[in-house]
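Residues per chain, in single letters:
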Amino acid sequence: MGFNCGIVGLPNVGKSTLFNALTATEAAEAANFPFCTKDPNVGRVGVPDPRLDRIAEIAGSARVIPTQLEIVDIAGLIKGASKGEGLGNRFLANIRETDAVLHVVRCFESGDVTHVDGAVNPLRDAETVNTELMLADLESLERRLATTQKRAKTGDAEARALTAAIERAAAALADGRPARTLPASADEARWVRQLELLTAKPVLYVCNVDEGSAATGNALSDTVAAAARAEGADAVVISAAIEAEVAQLTDPEEKRDFLHAIGLEEPGLNRVIAAGYRLLDLITFFTAGPKEARAWTVHRNATAPEAAGAIHSDFQRGFIRAETIDYDSYVTLGGEQACKDAGRMRQEGKEYVVQDGDIFHFRFNV
């Protein structure tokens, strides 16, 4: 089951530096000129979860495998991208393929790093990107509307519902509101999802600050956080420059000392990854044994068979039951056998809704 976040923003805001730090690679060239990233770079990053290490310790697992998110570094966008300016067409196609957006905004001053608009203003930068996405969505809706209206006049119920969704979304976009802010019933939301709008994707604003502001943020990042809250989004503060340095440290103690010296308890990237995970409304379940302890990802409200399918399609197809232990019981009692002895292992069927932290052993027959 794959999930990915696209890193977007104007040129020279720190997208590629962030990508390199997230994935601990040099796959994304980072340089001080626009359109450095012409084609999207793709990397996978483990989601930090201390529960997995504790489970592995109790189970005596030889390997520990975290759940992962795919991160896509997308070319910088400029005004006019919705009309194909710069690398606009490629940018829009790349972002359309992602599940969520990590929107990097520059919240630091530097004479060494040029700004595409000549001055640092994160709210203006965010508005530039959001406006281009809204314009692209409006153009997409206008192309579809005539066709759905024609079908709706024939009495086609689906066409009428889709036309209504298009008209509501277009009105919001024309008013400067992204599609993700549309209040909608479950049925209306289903039709909006069919439109595959860029501005319907969940967004996390990543405020890239100077090194001295990494622990507390600054006035610029505060304005972004306030704007994010107003549109129902979230924001995190990092210093991409610091994260790039941390990513090069391989010794855990050295990394910890470096972070403590600048007032950080953990890498800012941990917050970005965890926030991206929440952004997609994902939860984690675990499997554990002598060979490996592993974290797996499913959407919230997934059923036990769907969780089994995250491991292998045969597990879902032949699902019989899920032997289930909650995380707290597993840790408190000291593992699978102790939980069995205490009657804390449950037998769950096809209707069971997975809870974050569940530890499963699936029974299946194909």
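What counts and what doesn't
Residues numbered from 1 in each chain as written. Predicted model: local features only at pLDDT ≥ 70, side-chain atom pairs only at ≥ 80, totals over all residues. Heavy atoms only, no water. Buried < 20%, exposed > 50% of the residue type's maximum accessible area, 1.4 Å probe, protein only. Helix = DSSP H or I, 4+ residues; strand = E, 2+ residues; numbered from the N terminus. Contact = heavy atoms within 4.5 Å. Patch = residues over 30% accessible without salt bridge, like charges linked within 9 Å, V, L, I, M, F, W, Y side chains within 5 Å. Areas by Shrake-Rupley, 256 points an atom, 1.4 Å probe, with all protein chains shown as cover. Salt bridge = Lys/Arg side-chain N within 4 Å of Asp/Glu carboxyl O. Lys, Arg positive; Asp, Glu negative; His and termini not counted. Charge placed at Lys NZ, Arg CZ, Asp CG, Glu CD. Core = buried A, V, L, I, M, F, W, Y, C linked by side-chain atoms within 4.5 Å. Disulfide = S-S within 2.5 Å. Phe/Tyr/Trp six-rings, centres within 6.5 Å; stacked < 30°, edge-to-face > 60°. Lys NZ or Arg CZ within 6 Å of the ring centre and 35° of its normal.

Asker: What should I look at first to understand helix H11 (residues 304-311) in this one?
Answerer: Structural remark: α-helix, 3.6 residues per turn; residues separated by three or four positions point the same way. Burial in H11 covers these residues: Ala 304, Pro 305, Ala 307, Ala 308 and Ala 310. If you follow the buried residues of H11, they end up packed against strand S8 (282-288), strand S9 (292-299), helix H12 (313-317), strand S10 (319-325) and strand S12 (359-364).

Asker: Any chance you could explain a negative patch on the surface here in plain terms?
Answerer: A surface patch of negative charge is lined by Asp 251, Glu 253, Glu 254 and Asp 257. Mapping Asp 251 onto the fold places it in the loop between helix H8 (240-247) and helix H9 (252-261). Judged by relative accessible area, which is 37%, Asp 251 ranks as partly exposed.

Asker: Looking at this model, I keep getting lost on the pattern of salt bridges. Mind explaining?
Answerer: Between side chains of opposite charge, pairing is possible as soon as their charged atoms come close. The tally for this structure, following the rule as stated, stands at 17 salt bridges. A salt bridge links Arg 151 to Asp 156; the nearest nitrogen and oxygen atoms lie 3.5 Å apart. The salt bridge involving Glu 231 is made with Arg 180; its shortest N-O contact spans 2.6 Å. Separated by 51 residues along the polypeptide, Glu 231 in the loop between helix H7 (219-230) and strand S7 (234-238) and Arg 180 in the loop between helix H5 (157-174) and helix H6 (186-194) bring together distant segments of the chain. Glu 231 sits in the partly exposed class, given a relative accessible area of 21%. On the accessibility criterion, Arg 180 (23% relative accessible area) is partly exposed.

Asker: Just checking my understanding: could you explain the nonpolar core for this structure?
Answerer: Soluble globular proteins: nonpolar side chains tend toward being buried together. Within the largest apolar cluster, 48 residues are counted, with the highest numbers of intra-cluster contacts made by Ile 7, Leu 18, Leu 69, Ile 71, Leu 102 and Val 206. Of all hydrophobic cores here, the second largest spans 16 residues; its members include Met 134, Leu 162, Ala 172 and Leu 195.

Asker: Quick question: what am I supposed to make of the state of the cysteines here?
Answerer: A disulfide bridge is the covalent bond that connects two cysteines by way of their sulfur atoms. One pass over the full model with this rule turns up 0 disulfides. Unpaired in this structure, Cys 107 has its nearest cysteine sulfur neighbour in Cys 207, at a distance of 4.3 Å. Here Cys 107 falls in the buried class, since its relative accessible area comes to 0%.

Asker: Looking at this structure, how should I read the packing of aromatic side chains?
Answerer: Working definition: an aromatic ring pair is given by the centre-to-centre distance plus the angle between the planes. Enumeration according to the criterion identifies 7 aromatic pairs in this entry. Ring centres of Phe 360 and Phe 362 lie 5.0 Å apart, and the angle between their planes is 35°; this geometry places the pair in the tilted category. A relative accessible area of 5% means that Phe 360 is categorised as buried. A relative accessible area of 7% means that Phe 362 is categorised as buried. Following the ring pairs from residue to residue traces out a cluster consisting of Phe 285, Trp 296, Phe 319, Tyr 352, Phe 360 and Phe 362. The ring of Phe 108 has Arg 106 sitting right over it, with the charged end atom 4.5 Å from the ring centre. For the cation-ring pair, Arg 190 lies above Trp 191, with the distance from its terminal atom to the ring centre recorded as 4.6 Å.

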